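# Chain and residue survey
As a plain string of letters, each chain reads:
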Amino acid sequence: MSHVPVLLEEVLDALLPGGPVRHVVDGTLGAGGHTHALLTRGVEHVLALDLDPQAIAAARQTLAPFADRVTVVQDSYERMADHARRLGWEAADAILLDLGVSSMQLDTPERGFAFRHEAPLDMRFAPDGPLTAADIVNSWDERALAEIFFRYGEEPHSRQYARAIVQQRPIHMTTQLAALIEQAAPRPRGKPAKTIHPATRVFQALRIAVNDELGTVERTLPRAIDLLRPGGRLAVISFHSLEDRIVKETFREAAKEIVSPPGMASIRPKQAVVDLLTSKPIEASPEEIALNPRARSAKLRVVQKR
């Protein structure tokens, strides 16, 4: 396979510590690299989900040798439990989520994810999604635009860029928006420092808003934990601090145990439902980063169901 998934060996070690298991959910199929490796390692059956029909078409070719051991579904990982029960699974032995945008989506110009290609401002994971980046850019007011740029892109110049967009719209093409942001960006004094393109965080924020990425992660993690059998494991790979913060806080809360002392009825007891297997996230090795620069920002967190 030409596609090498991020943190592959680390994921396999996390999800299959004692060898092959029966039922695994890959909630973010992508090009199928993780699923292919899980099946190669002897997993009995993988339920693989993805919203993107382009990804599913590519993955079906990759997974053709395992056609009888994998069920591929075009849907959000938010509904993994529904599809698992349709297969007759009472629970999953392991679940993997590899969050964010895929390299394949970034490298497909017409999808509108990357400002280095001229394309319509789309950015939908699912082609029939109700909202595009152009809808947001051309219809949301200045305050709402600034808010998503700051919240989802952690963009320090969010208000400045929102104002420039409102003044210049309609804006329908990726390169048009990137050029506008570049023109509105503050000019560095002295020798310019090596920085990312000023539109990078704006594009990230629009993509997250279009696909409700953070909300979907927040809703999905508790459902994924519920779907696991006792002893089952959930592994999540995130690529930016907003995702990782949600994963970290959700896992920490699920692992928290509160004992109500005698006579302290006001303190509600709480049982932990998972054990944290990663006190700190697992990150890619220098060797992997050299082969796959996208792995530089990857963080893997793992919990085990009690």
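Anyway, here's the lowdown on the structure attached to this text. (Residues numbered from 1 in each chain as written. Predicted model: local features only at pLDDT ≥ 70, side-chain atom pairs only at ≥ 80, totals over all residues. Heavy atoms only, no water.)

### A short note on the overall build of the chain
Put simply, the test is: Here a strand is any run of E in DSSP of at least two residues, a helix any run of H or I of at least four, and the numbering for each starts at the N terminus. Note that the radius of gyration is over C-alpha atoms, with the globule rule given as 2.2 Å times the number of residues to the power 0.38. The contact definition used throughout considers only heavy atoms, calling two residues in contact when any of these lie within 4.5 Å. When charges are counted, Lys and Arg are positive and Asp and Glu negative, with His and the chain ends excluded. Every charge is mapped to an atom, namely NZ of Lys, CZ of Arg, CG of Asp or CD of Glu.
Broken down by element type, the chain carries 13 helices and 8 strands. Here the C-alpha atoms of the chain give a radius of gyration of 21 Å, agreeing with the 19 Å that 2.2 N^0.38 yields for 306 residues. Across its three principal axes, the chain shows a C-alpha extent of roughly 60 × 55 × 40 Å. Within the chain, contacts between residues separated by at least 24 positions form 67% of all contacts whose residues are at least 6 apart in sequence. Put simply, the chain has 38 plus and 39 minus side-chain charges, and the middle of one group is 5 Å from the middle of the other.

### A look at the pattern of salt bridges
In plain terms, the rule: Criterion for a salt bridge: a side-chain nitrogen of Lys or Arg within 4 Å of a carboxyl oxygen of Asp or Glu.
By the definition in use, this model includes 18 salt bridges. The salt bridge partner of Glu142 is Arg163, with a shortest N-O separation of 3.6 Å. A residue pair is termed long-range when its members are at least 10 positions apart, and Glu142 in helix α7 (residues 142-153) and Arg163 in helix α8 (residues 158-168) qualify at 21 residues. Of the charged contacts in the structure, one is a salt bridge between Asp244 and Arg301, with a shortest N-O distance of 2.8 Å. Of the two residues, Asp244 is situated in helix α12 (residues 241-254) and Arg301 in strand β8 (residues 299-305); the sequence distance between them amounts to 57 residues. Linked through salt bridges whose partners overlap, the residues forming this network are Glu78, Asp212, Arg219 and Arg223.

### A short note on the packing of aromatic side chains
This is how it is decided: Note on aromatic pairs: the rings of Phe, Tyr and Trp (six-membered ring only in Trp) are paired at centre separations within 6.5 Å, and the planes decide the class, stacked below 30 degrees, edge-to-face beyond 60, tilted for the rest. Consider the ring centre and the ring normal. A charge sits over the ring if Lys NZ or Arg CZ is within 6 Å of that centre and within 35 degrees of that normal.
By the definition in use, this model includes 2 aromatic pairs. Sitting over the face of the ring of Phe239, Arg294 holds its NZ or CZ atom 4.1 Å from the ring centroid.

### Some thoughts on the pairing of strand β4 (residues 92-98)
This is how the line gets drawn: Buried, partly exposed and exposed residues are distinguished by accessible area as a fraction of the type maximum, computed with a 1.4 Å probe on protein chains only: under 20%, between the cut-offs, and over 50%, respectively. When DSSP finds two or more bridges between two strands, those strands count as paired.
Here β4 lies mainly inside the structure; 7 of its 7 residues are buried. Across 3 bridges, the pairing between strand β1 (residues 23-26) and β4 is parallel. Looking across to β4, one finds that Val24 is bridged to Ala94. In the sheet, β4 pairs with strand β5 (residues 228-238) via 6 bridges, with the strands oriented parallel.

### Concerning the environment of Lys248
One can find Lys248 in helix α12. Sequence separation of Lys248 and Asp98 is 150 residues, and the distance between their C-alpha atoms is 15 Å.

### Section: the nonpolar core
Nonpolar side chains tend toward joint burial in soluble globular proteins. Heads up, the condition is: We define the nonpolar core as a collection of buried residues of types Ala, Val, Leu, Ile, Met, Phe, Trp, Tyr and Cys that are connected through side-chain atoms lying within 4.5 Å of one another.
Phe149, Leu206 and Leu234 are the most contacted members of the largest nonpolar core, which totals 62 residues. The leading source of residues in this core is helix α10 (residues 200-211), at 7 residues. Ignoring any residue separated from it by four or fewer positions in sequence, one finds Leu206 in contact with Met123, Ala133, Ile136, Val137, Ile148, Phe149 and Leu177.

### Considerations on the pairing of β1
Keep this limit in mind: By the criterion used throughout, a crossover qualifies as right-handed when its path from the first strand across the helix to the second strand runs clockwise, the strands pointing away from the viewer.
Of the two faces of β1, both are covered, the one formed by His23 and Val25 as well as the one formed by Val24 and Asp26. Here β1 runs beside strand β2 (residues 45-50); their pairing, made up of 4 bridges, is parallel. Bridging across to β2, His23 finds its partner in His45. The parallel pair β1 and β2, bridged by helix α2 (residues 33-40), forms a crossover whose chirality is right-handed.

### Examining the packing of α8 against helix α9 (residues 174-184)
For clarity, the cut-off: To get an axis, fit a line to the C-alpha atoms, keeping to the stretch in contact for a helix; angles then go from 0 to 180 degrees between the N-to-C directions. Put simply, angles under 35 degrees are roughly parallel, angles over 145 are roughly antiparallel, angles from 65 to 115 are roughly perpendicular, and the rest are oblique. In a left-handed crossing the near helix is turned counterclockwise from the far helix by less than a right angle, and in a right-handed crossing that turn is clockwise. Note on residue categories: nonpolar means Ala, Val, Leu, Ile, Met, Phe, Trp, Tyr, Cys or Pro, charged means Asp, Glu, Lys or Arg, and polar means any other residue, Gly included.
Two elements in contact, α8 and α9, have axes separated by 10 Å at closest approach and are oriented at 125°. Comparing their axes, α9 and α8 come out oblique. As α8 packs across α9, the resulting crossing turns out to be right-handed. Where α8 abuts α9, its residues Gln160, Tyr161, Ala164, Ile165 and Gln168 lie against Leu177, Leu180, Ile181 and Ala184. For the contact of α8 with α9, the residue count by class is 7 nonpolar, 2 polar and no charged.

### Things to note about the side chain of Asp244
Heads up, the rule is: Polar contacts here mean pairs of N or O atoms no more than 3.5 Å apart (in protein, one a potential hydrogen donor and the other a potential acceptor; neighbouring residues in sequence count only if both atoms are side-chain atoms).
By relative accessible area, which is 10% here, Asp244 ends up buried. Only 2.8 Å separates the side chain of Asp244 from the side chain of Arg301, close enough to count as a polar contact. If sequence neighbours within four positions are ignored, Asp244 has contacts with Ser238, Lys299 and Arg301.

### Observations concerning the packing of α7 against α8
Interaxial distance between α7 and α8 falls to 8 Å at its minimum, and their mutual angle equals 140°. As the angle between them shows, α7 and α8 are arranged oblique. Helix-helix and strand crossings are classified by hand; for α7 and α8 the assignment is right-handed. Contact residues: Glu142, Leu145, Ala146, Phe149 and Phe150 in α7; Ser158, Arg159, Tyr161, Ala162, Arg163, Ile165 and Val166 in α8. Residues belonging to the contact of α7 with α8 are distributed by class as follows: 8 nonpolar, 1 polar and 3 charged.

### Looking at the side chain of His34
Structurally, the position occupied by His34 is in helix α2. Owing to a relative accessible area of 4%, His34 belongs among the buried residues under this scheme. Among the polar contacts made by the side chain of His34, one reaches the main-chain carbonyl oxygen of Val6 at a distance of 2.9 Å. Sequence-distant contacts of His34, defined by excluding residues within four places in its chain, comprise Pro5, Val6, Leu8, Val11, Asp26, Leu96, Asp98 and Ile237.

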